[in-house]
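As a plain string of letters, each chain reads:
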Amino acid sequence: MDMETRDLADGVGLLALGGRLNMVSAPGVKAAIDELIGGGRPRVVVDLSSVSFMDSSGLGALVAGLKRARQAQGDLRISGANEQVLTVLRLTNLDRVLRPRDTVEEAGRDW
Amino acid sequence: MRRWLVRLLVLLTLTFGTIYVGWRWVFSVNWANWWIGVPLVVAETYSLIDAYLFGLTVWRLRVRGEPPPPPADATVDVFITTYNEPVEMVLATALAAQRIGHPHETWILDDGAREDMRAAAEAHGVGYITRSEDWQNRPRHAKAGNLNNALFLTHGEFMLILDADQVPDPLILDRTLGYFSDPRVALVQTPQWFVNVTESDPLGSQAPLFYGPIQQGKDGWNAAFFCGSNAVLRREALMQLGIVGYVREMSAAVRAALDAGSRVIARAVRQARRDADPALPALLGVQQAVGQARERLASGDAVADVTYEFQRQVDEAARGLVSSDLAGIEADLRAIRALPVDHDDELGVLVVDEAALERLADREWSPLGAIESVRGLLAAVDVDRDDEAQPMMPLATVSVTEDMATCMRLHSLGWRSVYHHEILAHGLAPEDLRTMLQQRLRWAQGTIQVMLRENPLVQRGLSVGQRLMYFATMWSYLSGFAALVYIAAPVVYLCFGVLPVHAFGLQFLEHFIPYMLFNQLLFLVVGYGIRTWRGQQYSLALFPLWIRACVTAAANVLFGKPLGFVVTPKTRQARGGFPWRLILPQTVAVAVLVLACAIGVLRLWTGASTSTIGTFVNVAWVAYDLLVMSVIFRAAAFRAPETDDQKVD
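Draft legend 1. Seen up close, the overall build of chain A. Within chain A, the regular secondary structure consists of four helices and five strands. For chain A, the α and β elements follow one another from N to C terminus as β-β-α-β-α-β-α-β-α. Relative to the compact-globule value of 13 Å for 111 residues, chain A shows a C-alpha radius of gyration of 12 Å, a close match. With the C-alpha coordinates aligned to their principal axes, the bounding extent of chain A is approximately 30 × 25 × 20 Å. Looking at chain A as a whole, 51% of its 111 residues are labelled buried. In chain A, of all internal contacts separated by at least 6 residues, the share reaching a separation of at least 24 is 72%.

Draft legend 2. The overall build of chain B, seen in detail. The helix and strand inventory of chain B stands at 21 helices and twelve strands. Split into buried and exposed, the 649 residues of chain B put 46% on the buried side.

Draft legend 3. Quick look at the interface of chain A and chain B. Counting residues at the interface gives 22 residues for chain A and 25 residues for chain B. Across the side of chain A that touches chain B, the residue classes tally to ten nonpolar, six polar and six charged.

Draft legend 4. Fine view of the nonpolar core. All names here are of chain B. With 182 residues, the main nonpolar core has Phe79, Ile80, Leu160, Leu233, Val286 and Val374 as its most contacted residues. Sorting elements by how many residues they give to this core places helix α7 (residues 235-275) first, with 18 residues. Core analysis: the next-biggest nonpolar cluster, separate from the first, contains 16 residues, Val10, Val21, Leu48 and Ala51 among them.

Draft legend 5. Geometry of unusual backbone geometry. All names here are of chain B. Even without glycine at this site, His141 takes up a positive phi of about 60°. The topology assignment puts His141 in the loop between β3 (127-129) and α5 (142-151). Positive phi, normally seen in glycine, also occurs at Ala142, with a value near 45°. Inspection of the secondary structure puts Ala142 in helix α5. We classify Ala142 as buried; it has 20 C-beta atoms within 10 Å.

Draft legend 6. View of the packing of helix α1 (residues 2-28) of chain B against helix α2 (residues 34-59) of chain B. All names here are of chain B. Contact geometry of α1 with α2 gives a least axis separation of 10 Å together with a crossing angle of 165°. Put simply, α1 runs roughly antiparallel to α2. Note on packing geometry: the crossing formed by α1 with α2 is left-handed. Note on element contacts: α2 touches α1 through Val41, Glu44, Thr45, Leu48, Ala51, Tyr52, Gly55, Val58 and Trp59, opposite Val6, Arg7, Val10, Thr13, Leu14, Gly17, Val21, Arg24 and Trp25. Grouping the amino acids of the contact of α1 with α2 by side-chain chemistry returns eleven nonpolar, four polar and three charged.

Draft legend 7. How the structure looks around the confidence of the model for chain A. Per-residue confidence for chain A averages 93 on the pLDDT scale, and 100% of its residues sit at or above 70. Averaged pLDDT values for the elements of chain A fall to 90 in helix α2 (residues 56-71) of chain A and rise to 96 in strand β3 (residues 43-54) of chain A.

Draft legend 8. Inspection of the environment of Ala26 of chain A at higher detail. Residues and elements named next belong to chain A. For Ala26, the position within the fold is in helix α1 (residues 26-38). Separated by 53 residues in sequence, Ala26 and Ser79 have C-alpha atoms that sit 17 Å apart. Other than its neighbours up to four places away in sequence, Ala26 contacts Leu21, Ser57, Gly58, Gly60 and Ala61.

Draft legend 9. Representation of the packing of α7 of chain B against helix α8 (residues 280-298) of chain B within the structure. Residues and elements named next belong to chain B. Direction vectors running N to C along α7 and α8 enclose 155°, while the axes themselves pass 9 Å from each other. Relative to α8, the element α7 lies roughly antiparallel. Considering the relative orientation of α7 and α8, their crossing is left-handed. Each of Arg255, Leu258, Gly261, Ser262, Ile265, Ala266, Ala268, Val269, Ala272 and Arg273 in α7 lies in contact with α8, whose residues at this interface are Leu280, Leu283, Leu284, Val286, Gln287, Val290, Ala293, Arg294 and Leu297. Grouping the constituent residues of the contact of α7 with α8 by class yields 13 nonpolar, three polar and three charged.

Draft legend 10. Summary view of the sheet that holds strand β1 (residues 76-82) of chain B. Residue and element names in this part refer to chain B. Ordered in space as β3-β2-β1-β4-β8-β6-β11, the seven strands form an open sheet in which the pairing is mixed. At either end of the open sheet lies a strand with only one pairing partner, and these are β3 and β11 (416-419). On average, each strand axis in the sheet is tilted by 25° relative to the strand beside it, whichever way the strands run. Both strand β6 (residues 185-189) and strand β8 (residues 231-234) contribute to a ladder of three bridges, which runs antiparallel. Of the residues in β8, the one forming a bridge with Gln189 is Ala231.

Draft legend 11. Spotlight on the sheet that holds strand β5 (residues 167-168) of chain B. Strand order in this open sheet of three strands is β5-β12-β7 (chain B), and the pairing throughout is mixed. The sheet is open, and its two borders are formed by β5 and β7 (193-194) of chain B, each paired with just one other strand.

Draft legend 12. Up close: the environment of Ala635 of chain B. Mapped onto the secondary structure, Ala635 of chain B falls in helix α21 (residues 612-637). Apart from the residues within four sequence positions on either side, Ala635 of chain B is in contact with Pro202, Leu203 and Leu433 of chain B.

Draft legend 13. Fine view of the pairing of strand β2 (residues 12-21) of chain A. All names here are of chain A. Sheet topology places strand β1 (residues 2-9) next to β2; seven bridges connect them, and they run antiparallel. From the neighbouring strand, Arg6 faces β2, where its bridge partner is Leu14. In this sheet, β3 lies alongside β2 in parallel orientation, the contact comprising nine bridges. In the sheet register, Leu15 faces β3, and the bridge partner there is Val46. Taking the sense of rotation as the criterion, the β-α-β connection linking β2, α1 and β3 turns out right-handed.

Draft legend 14. View of the confidence of the model for chain B. Residues and elements named next belong to chain B. Of all residues in chain B, 88% attain a pLDDT of 70 or more, and the chain-wide mean is 87. Confidence over residues 342-351 falls short of pLDDT 50; this stretch has 26 contacts with residues more than four positions distant or in other chains. Contacts for the low-pLDDT stretch residues 644-649, under 50 throughout, to residues beyond four places or in other chains number six contacts. The ipTM for the predicted assembly is 0.91, set against a pTM of 0.87.

Draft legend 15. Seen up close, the environment of Trp23 of chain B. Residues and elements named next belong to chain B. For Trp23, the location among the structural elements is in helix α1. Since 15 C-beta atoms lie within 10 Å of it, Trp23 is described here as partly exposed. Along the chain, Trp23 and Glu431 lie 408 residues apart, while their C-alpha atoms are 45 Å from each other. Contact partners of Trp23, with chain neighbours within four places excluded, come to Ser28 and His511.

The rules we used
- Residues numbered from 1 in each chain as written.
- Chains lettered and ligands numbered in written order.
- Predicted model: local features only at pLDDT ≥ 70, side-chain atom pairs only at ≥ 80, totals over all residues.
- Helix = DSSP H or I, 4+ residues; strand = E, 2+ residues; numbered from the N terminus.
- Rg over C-alpha atoms; globule rule 2.2 N^0.38 Å.
- Buried ≥ 20, exposed ≤ 12 C-beta atoms within 10 Å, placed from the backbone.
- Contact = placed C-beta atoms within 7 Å.
- Nonpolar A, V, L, I, M, F, W, Y, C, P; charged D, E, K, R; others polar.
- Core = buried A, V, L, I, M, F, W, Y, C linked by C-beta atoms within 7 Å.
- Axes fitted to C-alpha atoms, helices over the stretch in contact; angles between N-to-C directions.
- Parallel < 35°, antiparallel > 145°, perpendicular 65-115°, else oblique.
- Left-handed = near helix turned anticlockwise from the far one by under 90°.
- pLDDT = per-residue confidence, 0-100.
- Pairing = 2+ DSSP bridges.
- Right-handed = clockwise from strand over helix to strand, strands pointing away.

Structure, rendered in structure tokens:
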């Protein structure tokens, strides 16, 4: 799993992921989100546009990240999910909680 | 061959049973003595429905042969759950787990967080997991919580779950993993078998009918049950369950909190209008935010977006609002700390105390207090589920016995389960009556809880067969009430000559005997080669326990009363004298039955009763009751043989 972080705006961090987000890579993703939040970026955009596959453990890492962000008075949004990722989001109804945004720009707007 | 014989006997039993119970309702209820006549025919109807459900179960008996070969690259975690069992016992299980042939990692999940357990695990190179600090001061959810915690600290594709006393066979994974080649399979359950049980098994510990024809029958309907131990689960299935559950529970809780908040704020607004309070605009702002949030949820907007926006709007509205009434604020803050949204400590389900909510809504809030209480209500249930250690609870926490609820949810998401009929772990059963009764009570309570909270008959996603398989098990736990009637009816007849039926004559026997004979024959064929009699005895002999389980579970689900949950000790309890107190109701029942027989015979002899056949039928009935109930006295007198490796006290 490829991971890259950078600042989008003041207090807003971007985590760009690539490859397979599954039970093996999920703990690392969770840790990366925690690190962004702990480093003073309570609002996090997770860019999934290069993620080829995601399973329920991957979704779990996103939910855990959302929890951390909210506890820090922040928020977490996702962007750029492909068809497979959108399918697992819909299958678990998680799209009713975490609305997938098309692009990073859209996710970072109105915060 | 056997399958067709079973089906034939099922058809015969149900045909004659339906004729008999139909005849009873239409022609033979003695309405003059309705107070015993009606309970009896209802109890008989209960038993007939039980027979239908049993017939349906064994109709599709599925005997799986050799399992498919295991996928070589499957990654597996072996979880050994413990709370307070002796370190040596847990370690013995862990060392056996290390010797399992298929590649895997072994973990001890120590809910007791014991230092000596940790040291023993480390000394032998076994993984050791305790609750993370997230769980401090939050509902722990017993064994389900223990497993949920471990699920997020490991990452194998599959997990084998073992109770602390279940020593696994080295082949346990090789014999079970192959079923997962079907990507829809989420669970493979193997039998529970106990090594410390004598041949006669007075405590009825072995459940050969359940871990045999019943599980095989359920398997035929793709409804093989998860039984909490000796089972392999697919992580992906559990995680999916966790996400689905998170979305469902959180959405419902946010909705409830917004409803409550809108009542609180409406009252505060009225109050502020009356007093011309300068805080009115702020309150109106919050009221608008609540209304908007409810509308957006109703129209299907994503919950995280709605709650985030809501919190921001409330912050905005409250900004700059300074109250002069500091004393009032103090009182308000105290009330906020005691918000009526709470968690049931045993079950961890969100409990919104309606009465307390009324009081809260009726409270005289200061404007700031009202806003804070709305904010607090929502924060309690926000998307981060701050009240729970983990936002996701893959293993169901709805009931004290998590297994059945978890399995039912897996099935309703379309996953498949497998029952593999081969003993691949050897465990320890309770060795004294008290422990055994506690364990049965817990199972029964858990089952009734699931039935009341998540009635399988109306669960979406389950097939009709699956619904009935779950319902069958729950239905069987209601037998205590029927047993009470089966004991009372002959007593009433023998002592007072009160007839629940028109007559116990030949016509009665003609209808009853074919039903009874075929029913017994069915049992004999289904249970060929296994001992089913103990199970039959206990389903009647434990009637006080079944009734208690139903009553306490119903009180818990409907009125939030605590269950008095107990963890079953895996070690023998201190020995005492004959435990009369534990079997008091059965002792009274036996005394009354014996006395009733004597009176019945006496009445026949003195001519107070004229029906020889009636007396005969009822005495035979009592004899059967006594034979069945005799087991509880054997169990009470039972002393497990002392062996060196099991000695605890």
